[in-house]
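As a plain string of letters, each chain reads:
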Amino acid sequence: MDPATNLDEITELEEQFQLATYKKMPVVAERGEGVWIYASNGDRYLDLYGGHAVAGTGHCHPHIVRAIKEQTDKLLFYSNLVYSEARARAAEKLVSIAPDSLTKAFFCNSGTEANENAMRMARMFTGRESIITFTGGFHGRTADAISATFLGKYRDLGKPNVPGHLQAEFDDIDSVRALADDSVAAIMLEPIQSMAGVRMAVPSFYRALRELCDERGMVLIYDEVQTGLGRTGEWFFAGSAAGDGIVPDVITLAKSLGSGIPVGACVVTEKIALQIKDSDIGTTFGGGMVAMAAVTATLEAIQNDEMLSNVRDMETYLRGRLKEVEQVVNVRGRGFLLGLEFADKAKPIHEALLDRKIITGTSSDPNVLRLLPPLCLRKDDVDLFIGSLRQVV
């Protein structure tokens, strides 16, 4: 089939039969390998966005593909009503890389589910109802999660909102203290606000949140759906120097956890886990065998390929090369969650890079271009990006 015809046909079919979601790029993605996406017309694209940060280990990492195939030959799915070696191994592996105080895992299907269940566990643990989240934070699109989202239009899209959600200002501890009365069950935040333009707080802010939660009996939840699993050059933002070593009571995960297989998770302290009894939380598909095989293999691939050190090395190299691009006025974030701030709007740059077969992301800050590449990005890939960026700006 002619590539142009294929693009037209697939576009027409999706437009006819699928509800609108995102504004799509004119690309029919056919296959992927490492940091590359191959289109149906034979073009290849350097993927510095990873499909919303999902392709953490790169596209179709052979170790992960092999593990998924092996599991599909055994058992596609059974629910949490039975024990499963695949689930047991995944939980053991995930807890083994988490901060020491986080000892139990709960598996679900997505980041928004993970955040919903984290808030539910906090309410069960404290007997309180209110949740403090932050201006610029994004936590998902289901009812409780979108009600906790104070970014742009999203919360309005979720109306009528779940009551009990309180809005504080990110990186402003006084605004949090003013809200943190005895009705508050938890403080939940993205430690790096990705969609808001890759915004970070000063390290002392995270410590002040930890101290406030300890003082007033509240649960601290880190939404690490994007920052977790190596993206910042560490397994988690929790416990890192960028966050002053602070560890929350709950970490939520998704995105790259299954390398493309839908899966989310909460990792929690023993103290919170002891309050969760049979049937308090549940999920039909969470913890399914194929997803669990993907989780274990994903974590193994990150370790085996030394991707954490690669992220740290490549961040240093990328930041150095970006100094050559004078139109980049600031580089925000950590590791492979970076926001390139321009003096003018970033969308034309995003579009011009796409014309040169490089996929990047925008954000709610019109001047910020987001980079969320696979953790296996190399110097040659960085050089290609910088060369194209210098041309388009």
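All of the points below concern the structure found in this document. (Residues numbered from 1 in each chain as written. Predicted model: local features only at pLDDT ≥ 70, side-chain atom pairs only at ≥ 80, totals over all residues. Heavy atoms only, no water.)

1. Thoughts on the packing of aromatic side chains
The geometry of an aromatic ring pair comes down to the distance between the two centres and the angle between the two planes. Counted by the stated rule, this structure contains nine aromatic pairs. With 5.9 Å between their ring centres and 70° between their planes, Phe-205 and Tyr-206 make a pair best called edge-to-face. Accessibility classification places Phe-205 together with Tyr-206 in one group, the buried group. Joined through ring pairs, the aromatic side chains of Phe-134, Phe-170, Phe-205, Tyr-206, Tyr-222 and Phe-237 make up one cluster. Directly above the ring of Tyr-317 sits Lys-379, whose terminal nitrogen or CZ lies 5.0 Å from the centroid. (Phe/Tyr/Trp six-rings, centres within 6.5 Å; stacked < 30°, edge-to-face > 60°. Buried < 20%, exposed > 50% of the residue type's maximum accessible area, 1.4 Å probe, protein only. Lys NZ or Arg CZ within 6 Å of the ring centre and 35° of its normal.)

2. Observations regarding the side chain of Arg-332
Considering the arrangement of structural elements, one finds Arg-332 in strand β13 (residues 328-334). Looking at Arg-332, its side chain comes within polar contact range of the side chain of Glu-341, at 3.3 Å. Other than its neighbours up to four places away in sequence, Arg-332 contacts Gly-197, Val-198, Arg-199, Arg-319, Leu-337, Leu-338, Gly-339, Glu-341, Asp-365 and Val-368. (Helix = DSSP H or I, 4+ residues; strand = E, 2+ residues; numbered from the N terminus. Polar contact = N/O pair within 3.5 Å; in protein donor to acceptor, adjacent residues only side chain to side chain. Contact = heavy atoms within 4.5 Å.)

3. Quick notes on the nonpolar core
Within the largest apolar cluster, 91 residues are counted, with the highest numbers of intra-cluster contacts made by Ile-187, Phe-385 and Leu-389. Contact partners of Phe-385, with chain neighbours within four places excluded, come to Leu-46, Leu-48, Leu-318, Leu-322, Leu-340, Leu-353, Ile-358, Thr-360 and Leu-371. Core analysis: the second largest hydrophobic core is formed by 20 residues, Met-121, Ala-148, Val-250 and Val-268 among them. (Core = buried A, V, L, I, M, F, W, Y, C linked by side-chain atoms within 4.5 Å.)

4. Examining the sheet that holds strand β16 (residues 368-371)
Spatially, three strands are ordered β13-β14-β16 in an open sheet, and the strand pairing comes out antiparallel. Strand pairing shows two members of the sheet lacking a second neighbour, β13 and β16, which therefore form its edges. Each strand axis lies, on average, 20° off the axis of its neighbour in the sheet, ignoring direction. Bridge analysis of strand β14 (residues 337-342) against β16 gives four bridges, and the strand direction is antiparallel. Residue pairing in the sheet places Leu-338 in a bridge with Leu-371 of β16. (Pairing = 2+ DSSP bridges. Axes fitted to C-alpha atoms, helices over the stretch in contact; angles between N-to-C directions.)

5. A few points about the sheet that holds strand β12 (residues 264-269)
Judged by pairing direction, the sheet is mixed, and its seven strands sit side by side in the order β4-β12-β11-β10-β7-β5-β6 without closing on themselves. At either margin of the open sheet sits one strand with a lone partner, and together these are β4 (102-108) and β6 (165-168). On average, each strand axis in the sheet is inclined to that of its neighbour by 20°, with strand direction left out of account. As judged from the four bridges shared by strand β7 (residues 184-189) and strand β10 (residues 219-223), these two strands associate in the parallel manner. Bridging from a neighbouring strand, Leu-189 pairs with Tyr-222 of β10. With respect to the sheet, helix α9 (residues 203-216) is in contact with β5 (130-134), β7 and β10, its orientation differing from that of β7 by roughly 165°.

6. Some points on helix α3 (residues 62-72)
For α3, the full list of buried residues reads Ile-64, Ala-67, Ile-68 and Gln-71. Relative to the axis of α3, the buried residues are bounded by an arc of 95° and lie together on one face. For α3, the exposed residues set more than 90 degrees away from the buried face come down to Pro-62 and Lys-69. (Arc of directions from axis to C-beta.)

7. Details of the environment of Arg-378
Inspection of the secondary structure puts Arg-378 in the loop between β16 and α14 (379-392). For the pair formed by Arg-378 and Thr-227, sequence separation is 151 residues and the distance between their alpha carbons is 20 Å. Residues within four places of Arg-378 in sequence aside, it is in contact with Asn-310 and Met-314.

8. Details of the pattern of salt bridges
Applying the stated rule across the entire model yields 18 salt bridges. Lys-24 is the salt-bridge partner of Glu-14, the closest N and O atoms lying 3.5 Å from each other. Here Glu-14 is found in helix α1 (residues 3-17), whereas its partner Lys-24 is found in the loop between α1 and β1 (29-33), with ten residues between them in sequence. Relative accessible area serves as the criterion here: at 33%, Glu-14 is assigned to the partly exposed category. Residue Lys-24 is classed as partly exposed on the basis of its relative accessible area, which comes to 45%. Here Arg-332 ties to Glu-341 by a salt bridge, and the two come within 3.3 Å at their closest N and O atoms. (Salt bridge = Lys/Arg side-chain N within 4 Å of Asp/Glu carboxyl O.)

9. A few points about the packing of helix α4 (residues 85-97) against helix α11 (residues 289-304)
Put simply, α4 and α11 touch, their axes get as near as 8 Å, and they point 35° apart. Crossing of α4 over α11 shows left-handed handedness. Contacts from Ala-86, Arg-87, Arg-89, Ala-90, Lys-93, Leu-94 and Ile-97 in α4 reach Met-289, Met-292, Val-295, Thr-296, Leu-299, Glu-300 and Gln-303 in α11. (Left-handed = near helix turned anticlockwise from the far one by under 90°.)

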